[in-house]
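# Reading the structure
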Amino acid sequence: MTRTSSSLAPRSLILALSSSVLVAACGSDDRTTAKFTGVDAAHLSRAVDAIGAKDVTSLAIVGLFIAGGDEPGCPRIATTGNVTTVTGGCTNDDGTVLAGSIKATNFQPLFGTNPAYDPSKPSTIEADHWSATKAGAAAESIDGTASISGMDADGKGGTLTGSTDAVLAGIAVHSEITYTCTTASVCTHGGDSWIDVDGVGAAELTGTWSQGDVPTGAITATGVDTLVLDVAASTDSCRVFSINGGAAQMVCDPDSPTARRAPTAGNPWLASLGR
């Protein structure tokens, strides 16, 4: 088994929430151009993270952490009713330059409650040219939306839809993914889920899997090559995959490749908010 390092997406969507989904956009471009063989470790790791929906789920998680917040400083967080807005255009205490904005609508805060939250309506979050630039490093940025809907009273099941353009580790990814989860945490991709990774190409995503206490199933990314993300064999800190039916490979968090990771670990947007 080959190991390469990566900043990994959380295996679960949003703590107890068992849905993770992005929605597909229209267009007729070829979505099966990805070549996973022959690419460097950084691009392969970025592709595996994208197949695991890191960009969209990372954005959705932010909504739970900022909902209801009112904080001065950099960035400024302000809430009116069920709408919370994060505003950049400043430099934080760590010297990171923040730009753009993030708006979360109708999220129930992870810690506490918001009387304006309406569980019958979707929770949506939008990043508008949000970026974080540390001194001497390239900017990390995200544009796009994510929406969670259809959960039960206990916050289980439902659908997450989203469309994002994100640059991490200098590699741009466009994600258009849709999947729905049952209350038993069994998730299935919609019929129009795909990603496009700079330097790798586009791939269509299919599969049924569980991200519950006992992970099962797999996600298949079909391009020129086929990459299968083995959800059952993956952990909180490592993702296991194979390309074209070959030997299993693994990408892991370089900081703690075997330890259980917090669901917020590796979330660059929460890090830019000081979370």
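When helices and strands are tallied, the chain shows three helices and 17 strands. Across the 275 residues that make up the chain, the buried fraction comes to 48%. Counted over contacts in the chain with a minimum sequence separation of 6, partners at least 24 positions apart contribute 55%. Accessible surface, the chain: about 11600 Å² in total, of which carbon and sulfur atoms supply 52%.

The next thing to look at is helix α2 (residues 54–66). An α-helical turn contains 3.6 residues, so any two residues separated by three or four positions project in the same direction. Taking 1.5 Å per residue as the helical rise, α2 with its 13 residues ought to reach 18 Å, and the 19 Å between its terminal C-alpha atoms agrees with that figure. In terms of burial, α2 is largely enclosed, as twelve of its 13 residues are buried. Of the residues making up α2, those classed as buried are Lys54, Asp55, Val56, Thr57, Ser58, Leu59, Ala60, Ile61, Val62, Gly63, Leu64 and Ile66. With its phi angle positive at about 80°, Gly68 sits one or two positions after the end of α2.

As a further point, take the state of the cysteines. Put plainly, a disulfide is one covalent bond tying together the sulfur atoms of two cysteines. Applying the stated criterion to the full structure yields three disulfides. Shown here is the disulfide that connects Cys74 with Cys90, its sulfur atoms set 1.9 Å apart. Linking Cys74 and Cys90, the disulfide has an S-S dihedral of approximately 85° and is accordingly described as right-handed. Taken together, the residues span a long stretch of sequence, with Cys74 in the loop between α2 and β2 (76–80) and Cys90 in strand β4 (residues 90–91) at a distance of 16 residues. The exposure class of Cys74 is partly exposed, given its relative accessible area of 24%. For Cys238, the disulfide goes to Cys252, at an S-S distance of 2.0 Å. Between Cys238 and Cys252 the disulfide shows an S-S torsion of about 115°. By sign, it is right-handed. Linking Cys238 in strand β16 (residues 238–243) with Cys252 in strand β17 (residues 249–252), this pair joins segments that are 14 residues apart in sequence. Residue classification places Cys238 among the buried positions, given a relative accessible area of 4%. Relative accessible area serves as the criterion here: at 4%, Cys252 is assigned to the buried category. Once the disulfide-bonded cysteines of the chain are ranked by sequence position, their pairing pattern turns out to be 1-2, 3-4, 5-6.

Residues Phe36, Ile51, Ile195, Val197 and Leu227 are the most contacted members of the largest nonpolar core, which totals 28 residues. For this core, the secondary-structure elements that each account for two or more residues are α1 (41–51), β9 (171–181), β11 (193–197), β12 (201–206), β14 (216–222), β15 (226–230) and β16. Those residues within four positions of Phe36 in sequence are excluded, and the remaining contacts are Leu44, Ala47, Ile51, Val200, Ala203, Ala221, Asp225, Thr226, Leu227 and Ile243. Counting 27 residues, the second largest nonpolar core, distinct from the first, contains Val56, Ala166, Leu168 and Leu273.

Considering all chains together, one arrives at four salt bridges under this definition. Residue Arg46 is joined to Asp55 by a salt bridge in which the shortest nitrogen-to-oxygen separation is 3.2 Å. Take Arg46: its relative accessible area is 5%, and that puts it in the buried class. Residue Lys54 is joined to Asp49 by a salt bridge in which the shortest nitrogen-to-oxygen separation is 3.9 Å. Side by side, Lys54 and Asp49 carry an identical accessibility label, which is buried.

Turning next to α1. The buried fraction of α1 is high, at nine of eleven residues. Every buried residue of α1 is accounted for by His43, Leu44, Ser45, Arg46, Ala47, Val48, Asp49, Ala50 and Ile51. Count one or two residues on from α1 and you reach Ala53, which has phi positive near 70°.

Across the chain, pLDDT averages 86, with 86% of residues at or above 70. In the predicted structure, residues 1–28 sits below a pLDDT of 50 and forms 129 contacts with residues beyond four places in sequence or in another chain. In the predicted structure, residues 256–261 sits below a pLDDT of 50 and forms 16 contacts with residues beyond four places in sequence or in another chain.

Residues of β15 alternate between two faces, with Leu227 and Leu229 buried on one and Thr226, Val228 and Asp230 left unburied on the opposite face. Here β14 runs beside β15; their pairing, made up of five bridges, is antiparallel. Looking at the pairing, Ala218 lines up with Asp230 of β15. Where β14 hands over to β15, the hairpin turn is made up of three residues, counted between the paired strands. In this sheet, β16 lies alongside β15 in antiparallel orientation, the contact comprising four bridges. Directly across from Asp230, in β16, lies its bridge partner Val240.

What counts and what doesn't
- Residues numbered from 1 in each chain as written.
- Predicted model: local features only at pLDDT ≥ 70, side-chain atom pairs only at ≥ 80, totals over all residues.
- Heavy atoms only, no water.
- Helix = DSSP H or I, 4+ residues; strand = E, 2+ residues; numbered from the N terminus.
- Buried < 20%, exposed > 50% of the residue type's maximum accessible area, 1.4 Å probe, protein only.
- Contact = heavy atoms within 4.5 Å.
- Areas by Shrake-Rupley, 256 points an atom, 1.4 Å probe, with all protein chains shown as cover.
- Expected span 1.5 Å × (residues − 1).
- Disulfide = S-S within 2.5 Å.
- Core = buried A, V, L, I, M, F, W, Y, C linked by side-chain atoms within 4.5 Å.
- Salt bridge = Lys/Arg side-chain N within 4 Å of Asp/Glu carboxyl O.
- pLDDT = per-residue confidence, 0-100.
- Pairing = 2+ DSSP bridges.

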